[in-house]
Amino acid sequence: MVERKRVLLAEPRGYCAGVDRAVETVERALDKHGAPVYVRKEIVHNRHVVETLTDRGAVFVGETDEVPEGAIVVFSAHGVSPEVHRSAAQRSLKTIDATCPLVTKVHQEAKRFARDDYDILLIGHEGHEEVEGTAGEAPEHIQLVDGPDHVDDVVVRDESKVIWLSQTTLSVDETMETVKRLRARFPALADPPSDDICYATQNRQVAVKAMAPQCDLVIVVGSKNSSNSVRLVEVALQNGASASHLVDYAREIDPAWLDGVTTVGVTSGASVPEVLVRGVLDFLAEYGYDTVDTVNTANETLTFALPRELRPARTAK
């Protein structure tokens, strides 16, 4: 008897509250002010989103000095350092801050523990925009720990005043392994006041862990510069999937990946619009994977208010 081809579809997947807020921030800014609206860095790490907003009149730049004086600039969901805010002020830019509130929380933690003169060990990936923004809050107190293999490089002033914080989009398991190794070196290492890894990152990883053991292949929809999307591929492989690939679009799927495959898992990173997932499901259906079962491990209801500058005006009663 030939097993029937099927798709396991992870839930939750796709847009988190912070991404939804950031993308809508640029859309509302364009509606309100017209094009161009400048955006520092990619508003979120997704190729399709950036291309779509570019078509609407958003102009993505690397730094604020590329923005004409007095123009509107949106800061991305990943957050920026105080230095970027100062640079924008010097150019009289009208700033709209689309930083995810969960990233802002980590910034506040960094400032608080720097004021208390802690050495702050920031677990994250070197060069990631979120890490650069957080580290910029207190560069003299923060040192980056880029995974478990870098723990031996850490040097602190006072082993009784050390705390770890983390980038919000990391692998939960790898982060806890890094913390475990740090604590072996620094037994008094303090934990952050609350978990830094974002709820959406955790939820998407938990859903993949649940379905991976049943999957011959897991397709993760997401861009290569999306930290949380890349982590989902790793989580799939670490938890039993025979193979896993990251694609931006369905057209990037190699039909050879499907040879001998009965069960395909599908998920998407936290910055991926659902239309791209639908494209993958349509592609798979053409190859006989027309049974779709949802693997639901959490229900997400969190939403974030838009930046104050873009909220609808209250009408007087």
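Residues numbered from 1 in each chain as written. Predicted model: local features only at pLDDT ≥ 70, side-chain atom pairs only at ≥ 80, totals over all residues. Heavy atoms only, no water.

**Student:** Could you clarify how one ought to interpret the pairing of strand 7 (residues 142–145) in this entry?
**Tutor:** Every other side chain in a regular strand lies on the same face of the sheet, so the side chains alternate between the two faces. Pairing geometry for strand 6 (residues 119–123) and strand 7, over four bridges, is parallel. Bridge pairing in strand 7 links L122 to L144. Once you follow strand 6 into helix 5 (residues 129–135) and on to strand 7, the crossover reads as right-handed. (Pairing = 2+ DSSP bridges. Helix = DSSP H or I, 4+ residues; strand = E, 2+ residues; numbered from the N terminus. Right-handed = clockwise from strand over helix to strand, strands pointing away.)

**Student:** Explain the packing of helix 7 (residues 199–211) against helix 8 (residues 227–238) to me, please; I cannot follow it from the model alone.
**Tutor:** Packed helices, taken two at a time, are described by the angle their axes make and the gap between the axes. Put simply, helix 7 and helix 8 touch, their axes get as near as 9 Å, and they point 25 degrees apart. The angle between helix 7 and helix 8 places the two elements in the roughly parallel class. The interaxial crossing formed by helix 7 with helix 8 has right-handed handedness. Listed contacts from helix 8 to T201, R204, Q205, V208 and K209 of helix 7 are N228, R231, L232, V235 and A236. (Axes fitted to C-alpha atoms, helices over the stretch in contact; angles between N-to-C directions. Parallel < 35°, antiparallel > 145°, perpendicular 65-115°, else oblique. Left-handed = near helix turned anticlockwise from the far one by under 90°. Contact = heavy atoms within 4.5 Å.)

**Student:** Would you take a moment to explain the environment of D97 for this structure?
**Tutor:** Inspection of the secondary structure puts D97 in strand 5 (residues 94–97). Note on D97: relative accessible area 29%, which makes it partly exposed. Between the C-alpha atom of D97 and that of V80, which follows or precedes it by 17 residues, the distance is 9.0 Å. Setting aside chain neighbours within four positions, we find D97 in contact with R21, F75, H85 and P307. (Buried < 20%, exposed > 50% of the residue type's maximum accessible area, 1.4 Å probe, protein only.)

**Student:** What is the right way to read unusual backbone geometry from this model?
**Tutor:** Comment: phi is negative for the bulk of residues other than glycine, and the bulk of peptide bonds are trans. Here the bond from E11 into P12 is cis, since omega is 10 degrees, no more than 30 degrees from zero. Among the structural elements, P12 can be located in the loop between strand 1 (6–11) and helix 1 (17–33). Look at the link from A35 to P36: it is a cis peptide, with omega at -5 degrees. Within the element layout of this structure, P36 appears in the loop between helix 1 and strand 2 (37–40). At K41, a position not held by glycine, the phi torsion is positive, near 65 degrees. Of note, K41 is situated in the loop between strand 2 and helix 2 (47–56). Residue S92 is not a glycine yet carries a positive backbone phi of 55 degrees. Within the element layout of this structure, S92 appears in the loop between helix 3 (82–90) and strand 5.

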